Amino acid sequence: MLLGAATSSHQIEGGTFNDWTLWEREGKAPPVGEACRSWEKMEEDVKLLLKVGANAYRFSIEWSRIEVEEGLFKIENLLRYRRFVDRLLEVGITPIITLHHFTNPVWLYTKGSWLNPDTPKIFSRYVDLISRYFQDVKIWITINEPNVYAYRGYVEGSWPPGERSFFKALRVIRNMLRGHSHAYSAIKANVKGAAVGMAHHLRVFTPLGPLAKLPVMLREYLFNFLPLYSDVHGEIPPPVALMERISSRGDFVGINYYTRDRVKFSLRNPFGIEVAPENAWLSSMGWEVYPEGLYMLLKRYNFSRPVIITENGIATEDHDERIRFIAEHLRWIKRSQNEGVNVRGYLYWSLMDNYEWLEGYSAFFGLFTRDRKPKGDINLKKLWREV
Ligand code: BGC
């Protein structure tokens, strides 16, 4: 079993400059500042991983650091990540590389980011280069949460580029799935034995009343099912495309799981509206903690493939609560394994407190503080044995 933690470049490195930086400068998100300074301190992050008994680490390579202008690659920065991966391998930690975790280089942003039909090819040229340098990395995540990216940036408009168009969101998802497909082929060609997938954000949707079953079906289909199905079966279903073939075969199912939404029917919104949970376990961000939901999703969405929980975490200032959270989720994972689901890994979000997008530094997901102080004892291997 792979046990470890997950992070992303913009959220921990500091000194990144990408489309999210522009968003911050426009005052639409708190400034990231120096984050956790992981760009300088990556090797210290390895020590943290060892302290919590991790044997796997999922992190992302910041595209804007490598392809500084379109087609112009800064190899020096790539070698910085290379040294980091060497260190992980030396101490027996399995590296899991994410290639796109929400942020885009500014030159791509000015070309329309993922609305641009050329972006899938541009992305795969970049991925082709990266994967040549990391032939000893065997687990790859091309794109993190296309559904969340498209929803926040193109439906809700709270993330860059701040659009509000359902149809644009569908185009963005299509291009991301195409980008995933090209990247999948590039990695497979360069890295012998690579397992390539995506990190899919899945949610449990609970209908409040019989009429709410309709909006829940819509959410289930578009948010949970469609991207994952495309990844696993290699074809993109409507309304995003007409069963367009892509090369992905879903070497594993990557699941990010946090919470469930209780959904009420509404005449004004076909997707219904979310109702605040009552009498429920809530994180400090007000998200409902619902460990059994992970089991439900694992049973429903494993597609008979190996599964990696690529993210699962809680924002809380109470570390004992965090340990309880992890233990509860591990327990449900074990139960799913006993019932035949092939779960191969669990990555806690996040290794340390970091930049939580619109919430800035006010949400505390970390096993360690932002300046790498332990919050209390936790050993993932031991916890896994005990639950
Ligand atoms: C994202 C992370 C984020 C976490 C907690 C996930 O959806 O991949 O970047 O920090 O949720 O909100």
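Please refer to the structure placed before this passage.
The model shown is predicted, which means the values in this text are computed figures rather than measured ones.

Undergrad: Would you mind going over helix α3 (residues 38–51) in detail, with residue names and values included?
TA: The end-to-end C-alpha separation of α3 is 17 Å, well short of the 20 Å expected for 14 residues at 1.5 Å each. Approximately 40° is the largest bend angle found in α3, and it occurs at E44. Listed as buried for α3 are S38, W39, M42, D45, V46, L48 and L49. Packing partners of the buried residues in α3 comprise β1 (2–6), α1 (9–12), β2 (56–60), α4 (63–66) and α5 (75–90). Just beyond α3, the residue with positive phi is G53, at close to 70°.

Undergrad: Tell me about the side chain of N55, residues and numbers included.
TA: For N55, the location among the structural elements is in the loop between α3 and β2. Using a relative accessible area of 17% as the deciding quantity, one classes N55 as buried. N55 has contacts with M1, L2, L3, G92, I93, T94 and K381, leaving out every residue within four places of it along the chain.

Undergrad: Give a detailed account of the site of the ligand, specifying residues and quantitative values.
TA: Taken together, 13 residues are adjacent to the ligand, and Q11, H101, E145, E311 and E356 come closest. At a separation of 2.7 Å, an oxygen atom of the ligand approaches a polar side-chain atom of E145. In isolation the ligand offers 310 Å² of accessible surface; the protein chains occlude 94% of this area. The cavity where the ligand resides is the largest pocket. Within the shell around the ligand, the residues separate by chemical class into 6 nonpolar, 4 polar and 3 charged.

Undergrad: Please set out the pattern of salt bridges residue by residue, giving values where relevant.
TA: The tally for this structure, following the rule as stated, stands at 29 salt bridges. Ionic pairing is found between K168 and E163, a salt bridge with its closest N-O pair at 2.9 Å. Residue class for K168 comes out partly exposed when judged on its relative accessible area of 25%. Close ionic contact of K375 with D353 constitutes a salt bridge, the shortest N to O distance being 2.7 Å. Of this pair, K375 sits in the loop between β13 (343–349) and α13 (380–386) while D353 sits in the loop between β13 and α13, and the two are 22 residues apart along the sequence. Judged by its relative accessible area of 24%, K375 is partly exposed. By sharing partners, the salt bridges in this structure join R203, R219, D261 and E274 into a single network.

Undergrad: Give a detailed account of the nonpolar core, specifying residues and quantitative values.
TA: F134, W140 and I326 are the most contacted members of the largest nonpolar core, which has 109 residues in total. No other element matches the 9 residues that helix α9 (residues 166–190) contributes to this core. Look past the residues within four positions of W140 in its chain and what remains in contact with it is I97, L99, I130, S131, F134, I187, V191, A194, A195, V196, G197 and F252. Counting residues in each nonpolar core, the second largest holds 15 residues, with A6, A56, Y258 and I308 among its members.

Undergrad: Please give an account of empty space enclosed by the protein that cites residues and values.
TA: Applying the stated criterion across every chain, the model contains 3 cavities of 30 Å³ or more. Estimated volume of the largest cavity: approximately 70 Å³. The wall of the largest cavity is formed by S9, I12, E13, S38, M42, D45, Y57, F59, S60, Y81 and F84. Within the residue set of the lining of the largest cavity, elements represented by two or more residues are α1, α3, β2 and α5. Looking at side-chain class alone, the lining of the largest cavity contains 6 nonpolar, 3 polar and 2 charged residues. Counted as a void, the second largest cavity has a volume near 50 Å³. A per-class count over the lining of the second largest cavity returns 7 nonpolar, 2 polar and 1 charged.

Conventions used here
- Residues numbered from 1 in each chain as written.
- Predicted model: local features only at pLDDT ≥ 70, side-chain atom pairs only at ≥ 80, totals over all residues.
- Heavy atoms only, no water.
- Helix = DSSP H or I, 4+ residues; strand = E, 2+ residues; numbered from the N terminus.
- Expected span 1.5 Å × (residues − 1).
- Bend = angle between axes of the 7 residues up to and from the residue.
- Buried < 20%, exposed > 50% of the residue type's maximum accessible area, 1.4 Å probe, protein only.
- Contact = heavy atoms within 4.5 Å.
- Near = heavy atom within 4 Å.
- Polar contact = N/O pair within 3.5 Å; in protein donor to acceptor, adjacent residues only side chain to side chain.
- Areas by Shrake-Rupley, 256 points an atom, 1.4 Å probe, with all protein chains shown as cover.
- 1 Å grid on protein atoms, 1.4 Å probe; cavity = no way out; pocket = protein on both sides within 12 Å on 5 of 7 lines; lining within 4 Å.
- Sits in = over half its atoms within 2 Å of the grid points.
- Nonpolar A, V, L, I, M, F, W, Y, C, P; charged D, E, K, R; others polar.
- Salt bridge = Lys/Arg side-chain N within 4 Å of Asp/Glu carboxyl O.
- Core = buried A, V, L, I, M, F, W, Y, C linked by side-chain atoms within 4.5 Å.
- Points joined across faces, edges and corners; volume = space filled by probe spheres on them.

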